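Each chain is listed here by its residues.
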Amino acid sequence: MAGQSDPDLSIFTAPEVEFLAEDELVEIVPNMRMEALHMICGDFGPFMPQIAVKVPLWLAVALKKRGKCAIRPPEWMSVERLTQVCEAERESPREFQPLPFHYIEISRLLFDHAHDDIPNLYMVRSLIEDIRNVRFHKVETGLETISGRTHAVKLKNLSAMEVNIVRPFVVRALQAFYKHDSPEMIQQPEASASKRSQVVDRVPRRDLRPR
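Residues numbered from 1 in each chain as written. Predicted model: local features only at pLDDT ≥ 70, side-chain atom pairs only at ≥ 80, totals over all residues. Heavy atoms only, no water.

Hey, could you run me through the sheet that holds strand β1 (residues 25–30) in this one?
Through backbone hydrogen bonds, the strands of a sheet pair up, either in parallel or in antiparallel fashion. With antiparallel pairing, three strands are arranged side by side in an open sheet as β4-β1-β5. Strands at the two margins of the open sheet, each flanked by one partner only, are β4 (53–56) and β5 (69–72). Sheet twist, expressed as the average angle between the axes of neighbouring strands with direction ignored, equals 45°. The pairing of β1 with β4 spans four bridges and is classified as antiparallel. Looking at the pairing, Glu27 lines up with Lys54 of β4. (Pairing = 2+ DSSP bridges. Helix = DSSP H or I, 4+ residues; strand = E, 2+ residues; numbered from the N terminus. Axes fitted to C-alpha atoms, helices over the stretch in contact; angles between N-to-C directions.)

What should I look at first to understand unusual backbone geometry in this one?
Residues apart from glycine generally show negative phi values, whereas peptide bonds are mostly found in trans. Along the chain, Gly45 connects to Pro46 via a cis peptide bond; the corresponding omega equals 5°. Of note, Pro46 is situated in the loop between β3 (42–44) and β4. For Asn157, which is not a glycine, the phi torsion comes out positive at approximately 75°. Looking at the secondary structure, you find Asn157 in the loop between α5 (121–144) and α6 (160–181).

Would you mind showing me how to read the environment of Phe47 here?
Assignment of secondary structure puts Phe47 in the loop between β3 and β4. Taking C-alpha positions, Phe47 is 9.1 Å from Leu37, a pair spaced 10 residues apart along the chain. Discounting chain neighbours no more than four positions away, the residues touching Phe47 are Ile28, Pro30, Met32, Arg33, Met34, Glu35, Leu37, Val53, Val55, Leu59 and Leu63. (Contact = heavy atoms within 4.5 Å.)

Have a look at this one:
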């Protein structure tokens with residue numbers, strides 16, 4: 001219907017993508033004692049002081065806000081690992097390095113709620129920002145290569161937030177090229193003209209006689 005957007009081209013907001021990322025598991029170190037929590041998404045705990053346990057990110061943030069635990073940053077958030085990823089991203093203009101699907105959202109949530117648990121916080125934040133910039137530049141460069149002969153675009157190892165931003169532009173670009181460059185679309189005017197001429201030929205002809 002007019003006025004409605006194509007649902008296939010809709011994108012999530014950043015908070016919505018973060019909401020999906022909150023189910024990712026992270027490791028916490030409790031400073032309290034508590035029985036196991038039995039939830040729809042699974043059982044977590046029991047919780048013992050100074051004994052690490054894995055919980056969903058949303059639960060880790062909730063406990064952290066109440067001063068009940070410390071959150072251990074994932075291994076990929078170390079300066080050493082991020083430096084390797086950043087260098088590899090710059091050296092491979094057409095490839096994306098494997099990172100967690102929600103690396104942007106996870107890092108943002110930890111920066112906001114567990115910054116005191118992240119060693120070398122400013123360096124980690126800077127490296128992740130550099131990685132994001134390099135990857136988005138690759139995406140932009142890749143989109144410039146789309147032509148009428150492109151039937152699909154394969155971007156391996158993109159993250160959730162990157163896919164969410166890029167997907168509508170890629171789909172619209174392919175649709176536009178298909179609409180304007182499709183042989184069927186090009187041949188349609190000729191076919192219509194041919195049909196019109198056939199209709200004219202079928203009309204009985206009458207001799208023109210002077211009055």
